[in-house]
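Report on the structure
Each chain, written out:
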Amino acid sequence: MMNLKGNPELTPKNLMRPLKNYGIACMSMGFLIEETAPVVWRGLMVMSAVEKLLRQVDWGQLDYLVIDMPPGTGDVQLSVSQNIPIAGAVIVSTPQDVALLDAHKGAEMFRKVHVPVLGLIQNMSVFQCPKCKHETHIFGNDGVKDLAKILGLDILGDVPLHINIRETCDSGQPVVVSQPQSDAVWARPMVS
């Protein structure tokens, strides 16, 4: 998505330099392993990798550090929440029932470990036909909005299932950079 590949260079202090594009420093397990190699780790291996990505990277001065984690309440989430100070978590989910179950569990896990949940983002909320403009809610309608009410949280954004988002991410040129005037750039606000 960020058009980045390769291995990070090391600083004289033996810290990895994050790869950068569009003014954003990025670090990923994908930079450290072969492109097609699966990461099949549990427990201590996961915690060791998370620790390495957090503490052995020369991040420099940061305004924010965003950590994109897999869905659920497993080793990665628990390790991150217990080992670094977190200002808050944002839960991203499709409006589909099965995804909402994971989102709900994720929000409750962060609350249980005293990490504030800042709000929810509904991803792939609606598909608009590029020809006739008819909107279809492929994954359901308002699922994240309903979950926000249950959890007492705000909806921070609503991201449509849009072909421009998919194409520009696949090409490594995010739509916010390559097509900043596109309708796909602005997540539609939802009233919670």
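Residues numbered from 1 in each chain as written. Predicted model: local features only at pLDDT ≥ 70, side-chain atom pairs only at ≥ 80, totals over all residues. Heavy atoms only, no water.

- The name an unreviewed UniProt entry assigns to the protein chain is NUBP iron-sulfur cluster assembly factor, mitochondrial, from the organism Serinus canaria.
- If you open the UniProt record of the protein chain and go to Sequence similarities (unreviewed entry), you find "Belongs to the Mrp/NBP35 ATP-binding proteins family." (UniProt positions renumbered as here; feature names shortened; annotations may be inferred.)

1. Quick look at the overall build of the protein chain
- Scanning the protein chain from terminus to terminus reveals 6 helices and 6 strands.
- For the protein chain, the N- to C-terminal ordering of α and β elements is β-β-α-α-β-α-β-β-α-β-α-α.
- A compact globule built from 192 residues should have a C-alpha radius of gyration of about 16 Å, and the protein chain, at 18 Å, falls within 12% of that.
- Taking the principal axes of its C-alpha atoms as reference, the protein chain extends roughly 55 × 40 × 30 Å. (Helix = DSSP H or I, 4+ residues; strand = E, 2+ residues; numbered from the N terminus. Rg over C-alpha atoms; globule rule 2.2 N^0.38 Å.)

2. Let's talk about the state of the cysteines
- According to the stated counting rule, one finds 0 disulfides in the structure shown.
- The thiol of Cys129 is not disulfide-bonded; the next cysteine sulfur, from Cys132, is found 3.7 Å away.
- Between Cys169, a cysteine without a disulfide, and Cys26, which holds the nearest cysteine sulfur, the sulfur-to-sulfur distance is 12 Å.
- Residue Cys169 is classed as partly exposed on the basis of its relative accessible area, which comes to 21%. (Disulfide = S-S within 2.5 Å. Buried < 20%, exposed > 50% of the residue type's maximum accessible area, 1.4 Å probe, protein only.)

3. Focus on a nonpolar patch on the surface
- A contiguous nonpolar patch, built from Tyr22, Ile24, Val176 and Val177 and spanning about 330 Å² of accessible area, is present on the exposed surface.
- If you trace the backbone, Val177 turns up in helix 6 (residues 175-178).
- When its relative accessible area of 42% is taken as the criterion, Val177 is described as partly exposed. (Patch = residues over 30% accessible without salt bridge, like charges linked within 9 Å, V, L, I, M, F, W, Y side chains within 5 Å. Areas by Shrake-Rupley, 256 points an atom, 1.4 Å probe, with all protein chains shown as cover. Salt bridge = Lys/Arg side-chain N within 4 Å of Asp/Glu carboxyl O.)

4. Comments concerning the pattern of salt bridges
- All told, the structure shown has 6 salt bridges when counted by the stated rule.
- The shortest N-O distance in the salt bridge between Asp170 and Arg166 comes to 3.0 Å. Separated by 4 residues within a single helix, Asp170 and Arg166 lie in helix 5 (residues 163-170), roughly one turn from each other.
- By relative accessible area, which is 46% here, Arg166 ends up partly exposed.
- Overlapping salt bridges, with partners in common, bring together Arg166, Glu167 and Asp170 in one network.

5. A word on the nonpolar core
- Counting residues in each nonpolar core, the largest one holds 16 residues, and the members touching the most others are Ile91, Phe110, Val117, Leu120 and Leu147.
- Going through the elements one at a time, strand 3 (89-93), helix 3 (97-112), strand 4 (117-128) and helix 4 (143-151) are the ones with two or more residues in this core.
- Top contributing element to this core by residue count: helix 3, with 5 residues.
- Discounting chain neighbours no more than four positions away, the residues touching Val117 are Ala89, Ile91, Ala107, Phe110, Arg111 and Leu153.
- By size, the runner-up hydrophobic cluster in this structure holds 11 residues, among which are Met27, Phe31, Ala49 and Leu53. (Core = buried A, V, L, I, M, F, W, Y, C linked by side-chain atoms within 4.5 Å. Contact = heavy atoms within 4.5 Å.)

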